[in-house]
Amino acid sequence: MSQKSKKLVLAGNPNVGKSVLFSQLTGARVVISNYPGTTVEFTRGQLRAEEETWEVLDAPGTYSLEPTCRAEEVAANLVSSADVVVNVVDATNLERNLYLTSQLLEVGVPLIVVLNLIDEAAQKGVKLNVSRLQRLLGVPVIPTVAISGQGLPELVAALPQARAGAGEKRSPEERWIWIGSIVEQVQQVTRRRQTWLEALELASIRPLTGLPLAAIGLYLTFKVIIGCGGWLEDLLESYFFEPFYLPLLQSLGRLLGDGFWHGLLIGNLQNGQIHLEESMGLLSTGVYAVFGIVLPYLVMFYLALGFLEDCGYLPRLAVMSDRMMHRLGLHGFAIIPTLLGFGCNVPAVLAARNLESRRERVIVSAMLAVAVPCAAQMSMIIGLVGRHGGSYLGVILAMLFLIWVVIGLFLDRVLPGYTPSMIVEIPPYRWPSLKAQSQKLFMRLQHFLTEALPFIFGGILLINLLHLVGVIDLLSGALAPLFRGLLGLPKEAVSTLLVGFLRKDVAVAMLLPLGLTAKQFVVGATVLATYFPCAAAFAVLIKELGVRDMALVAGIMLTLSTAAGTTLNLLLETVLPPPYLAAFLLGLAVVLIAFCGGSSDRREDRKFSLTKERGI
Amino acid sequence: MKTVSLAEMKTGESGRVKKIYGGRGMVARLQALGLHPGKRVTKVSTFFQKGPVVVEIDRSRVAMGYGRANRIFVEIDN
């Protein structure tokens, strides 16, 4: 890399297809979705045109160069460092998109305008006069359909012709007048009949139809994930692990004999047999936990999430949940990071950057870190606790929901200031592209395997080593009274907490060989889910929240986790059977939301009534 | 002609944005989304109990919380 390549920045409103264009131009794989704010950090790639190599940067979406959240700040900074800016414009919505264009022209950076989604515009009855637009803007304008690659060769060929705008400074009002005159000259709109998809678009944002749709949709998604995941798990079990893998391990075990390596790789035998779930060796439980239990559910979860993301439903879910989230000091958009958290907490905490205030980011991150188990951990819980009956699973989920609510209510009360209400664009429904879907699934699985495998093996290795050195016995002894007294768990369960810091899924699996009752299993899984984030999530939380707020969050975690475990230990089965306890916890959460929330809303009301009195 | 806030407007009604009460940040954000004085909007969804509001501006839909909708005033068409 001796020759310095020029910097090309893709800038544009959220959800106009910048990332699609980016991956088409550079061949790099990036996550694309159909909701504003998928990209929160820039991605870098390379484009080799005929003579030059370009460094291509995909900026987070922004509506203007005056940033209102962290993701938009990133975009504004990128633009100021660019050699050429490619301004991606949504052709279906020229007027709004040209606002950023007008600012880019004022800044005087060399510019090319890409009219993306030109096919969708035609479908919606929007006709654009490209050559006239080019003349009026004074920079090259290229119509494209990024997802299919249409117009991209023309874009690459036009790169050297990028020109700076006139640089005339305008006030916001003047910008809109200027835009209005342009749109009038280049755009023709004919009304079309409403399609059924458009009817569904409306139905899903209106409360009477939208709320039942959301409830049914989420319930079905959950059912499908569990159903198909379980089916996949059985398939793997009976066609791979039973007939091939287990015999292979057994012969390996005989080969190794009795010794250190046998203990590490194969683990403990049960009645002379290897037990894939309980032996706790690297190759037995280690491999089985990842590929036999976690992966089937993970695949199904990411398929479902990918579909929800790409079809454009998530912002509608934000509208549906806005009311509830307001009671917890957040607003509807926070449901998107929360949902992502069910995949992995790391990208979820990053996605919280789309929220405007630091206050919201702290609340949502805390709720994520404590009460939203990642897909791997959830698969383990579903796979292992589900065996004792769905109602035990229900108890865990209800408890997590209650904790989630309590954290929101608590932080909303103690954190100063208020959460401004949301402003979010609702994209049209689009059929997810098969290519983008499979690419996204592939990337997420790859991320899981490369990130998780070392930690899983590391976790099992660590536990074996600590056992050998005797650290675990020491710790178990020290924490035994707490575990036995409050949680009703044997002291051996202490070691799962250590592993839980590395991998939560393995930690849950480690509860199996302890021979726990269903009740103990529920307590253990709940404590493991909530007591602390895994190392990867911890690192990103510290980075995003800072040490002080992270300490606050950690304090909340330890307190709530112990409280939840103790409560379950006291109530489950001894006072209430699992289905009733689940219903009770859920009911308690709903009552808390209804009657205790809304501190920040009241603060905002107070502030607003003050400004009204002053006549501002 | 009647001037009401977006929050009070009924689903299906259209009008022109008259005035936005809010801090600089909020006004700038709405402005960037195309919601500025003089702009035509149609309300497409109302939530009960101080819930969010969805409006249509040109061909895009924007959802906003009640607190914000309450500070945007619209002159309703007759």
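Residues numbered from 1 in each chain as written. Chains lettered and ligands numbered in written order. Predicted model: local features only at pLDDT ≥ 70, side-chain atom pairs only at ≥ 80, totals over all residues. Heavy atoms only, no water.

Participant: Quick rundown of the domain arrangement of chain A? Include the residues and the values.
Facilitator: Residues and elements named next belong to chain A. The domain boundaries assigned to chain A delineate domain 1 (6–189) and domain 2 (207–604). Each of domain 1 and domain 2 was reduced to a C-alpha centroid, and the two centroids are 39 Å apart. Each side of the interface is counted separately: domain 1 has 24 residues, and domain 2 has 31 residues. Both faces considered, domain 1 and domain 2 share a buried interface measuring about 2200 Å² in area, 50% of it formed by carbon and sulfur atoms. The tally of links between domain 1 and domain 2 comes to two salt bridges. Summed over the shared surface of domain 1 and domain 2, the result is three residue pairs in polar contact (both at pLDDT 80 or more). Of the residues assigned to the side of domain 1 that touches domain 2, the class counts are 12 nonpolar, six polar and six charged. (Domains from an automatic or database assignment. Contact = heavy atoms within 4.5 Å. Buried area = accessible area lost by both parts, 1.4 Å probe. Salt bridge = Lys/Arg side-chain N within 4 Å of Asp/Glu carboxyl O. Polar contact = N/O pair within 3.5 Å; in protein donor to acceptor, adjacent residues only side chain to side chain. Nonpolar A, V, L, I, M, F, W, Y, C, P; charged D, E, K, R; others polar.)

Participant: Hey, could you go over helix α18 (residues 434–469) of chain A for me, with residue numbers and the actual values?
Facilitator: All names here are of chain A. Relative to the 52 Å expected for 36 residues at 1.5 Å per residue, α18 spans 51 Å between its end C-alpha atoms, a close match to the ideal helical length. In the structure, α18 departs most strongly from a straight axis at A452, where the bend amounts to approximately 35 degrees and where the proline P454 lies between one and four residues downstream. G470 sits one or two positions beyond α18 and adopts a positive phi of about 100 degrees. (Helix = DSSP H or I, 4+ residues; strand = E, 2+ residues; numbered from the N terminus. Expected span 1.5 Å × (residues − 1). Bend = angle between axes of the 7 residues up to and from the residue.)

Participant: Lay out the interface of chain A and chain B with the relevant residues and their values.
Facilitator: Counting residues at the interface gives 38 residues for chain A and 34 residues for chain B. Interface area for chain A against chain B, summed over the two sides, is near 3300 Å², with a carbon-plus-sulfur share of 57%. Summed over the shared surface of chain A and chain B, the number is four salt bridges. The salt bridge partner of E95 of chain A is K39 of chain B, with a shortest N-O separation of 2.9 Å. Run the count over chain A and chain B and you get 14 residue pairs in polar contact (both at pLDDT 80 or more). Only α3 (94–107), α7 (172–186), β8 (187–189), α8 (196–203), α9 (207–256), α12 (314–327), β11 (423–426) and α25 (599–613) of chain A provide two or more residues apiece to the side of chain A that touches chain B. In terms of residue class, the side of chain A that touches chain B is made up of 19 nonpolar, six polar and 13 charged. In terms of strand pairing, β11 of chain A meets strand β5 (residues 60–64) of chain B through four bridges, oriented antiparallel. Paired with V424 of chain A across the two strands is A63 of chain B, which belongs to β5 of chain B. (Pairing = 2+ DSSP bridges.)

Participant: Please set out helix α23 (residues 535–571) of chain A residue by residue, giving values where relevant.
Facilitator: Residues and elements named next belong to chain A. Counted at 1.5 Å a residue, the expected span for α23 with its 37 residues is 54 Å, but the 31 Å between its end C-alpha atoms falls short. At G546, α23 is bent by approximately 115 degrees, the largest bend along its length. Note on α23: the residue one or two positions beyond its end, E573, has a positive phi of about 70 degrees.

Participant: Residues and numbers for the sheet that holds strand β7 (residues 141–143) of chain A, please.
Facilitator: All names here are of chain A. In spatial order, the strands read β2-β3-β1-β4-β5-β7; together these six strands make up an open sheet with mixed pairing. Edge positions in the sheet fall to β2 (43–48) and β7, since each has one partner strand and no second. Neighbour-to-neighbour, the strand axes of this sheet turn through a mean angle of 25 degrees, independent of strand direction. Where strand β4 (residues 84–90) and strand β5 (residues 111–116) come together, six bridges link them in parallel fashion. (Axes fitted to C-alpha atoms, helices over the stretch in contact; angles between N-to-C directions.)

Participant: Tell me about the pairing of strand β3 (residues 40–46) of chain B, and please be specific about residues and values.
Facilitator: Residues and elements named next belong to chain B. As defined by bridge partners, strand β2 (residues 14–20) adjoins β3 across three bridges and the pair is classed as antiparallel. The residue bridging R16 from the neighbouring strand is R40, located in β3. Inspection of the sheet shows β3 paired to strand β4 (residues 53–57) by four bridges, in the antiparallel sense. From the neighbouring strand, K43 faces β4, where its bridge partner is V55. Linking β3 to β4, which pair antiparallel, is a turn of six residues; within it Q49 sits at a positive phi near 60 degrees.

Participant: Lay out unusual backbone geometry with the relevant residues and their values.
Facilitator: A positive phi angle, close to 60 degrees, is found at N15 of chain A, a residue other than glycine. Residue position: N15 of chain A is located in the loop between β1 (6–12) and α1 (18–26). The phi angle at D58 of chain B is positive, at roughly 50 degrees, despite the residue not being glycine. Within the fold, D58 of chain B resides in the loop between β4 and β5.

Participant: I'd like a description of the sheet that holds β3 of chain B, backed by residues and values.
Facilitator: The seven strands lie next to each other as β11(A)-β5(B)-β4(B)-β3(B)-β2(B)-β6(B)-β1(B), forming an open sheet whose pairing is antiparallel. The strands lining the two open edges of the sheet, one partner per strand, are β11 of chain A together with β1 (2–5) of chain B. Taken over all neighbouring pairs, the strand axes of this sheet differ in orientation by 40 degrees on average, direction set aside. With five bridges connecting them, β4 of chain B and β5 of chain B associate as antiparallel partners. Counted as the bridge partner of V54 of chain B is A63 of chain B from β5 of chain B.

Participant: So, the pattern of salt bridges: which residues are in play, and what are the values?
Facilitator: On inspection of all chains with the given rule, the structure shows 22 salt bridges over all chains. The shortest N-O distance in the salt bridge between E52 of chain A and K6 of chain A comes to 3.6 Å. With E52 of chain A in the loop between β2 and β3 (53–58) and K6 of chain A in strand β1, this residue pair connects regions lying 46 residues apart in the sequence. Note on E52 of chain A: relative accessible area 31%, which makes it partly exposed. Note that D58 of chain B and K39 of chain B form a salt bridge whose closest N and O atoms lie 3.1 Å from each other. (Buried < 20%, exposed > 50% of the residue type's maximum accessible area, 1.4 Å probe, protein only.)

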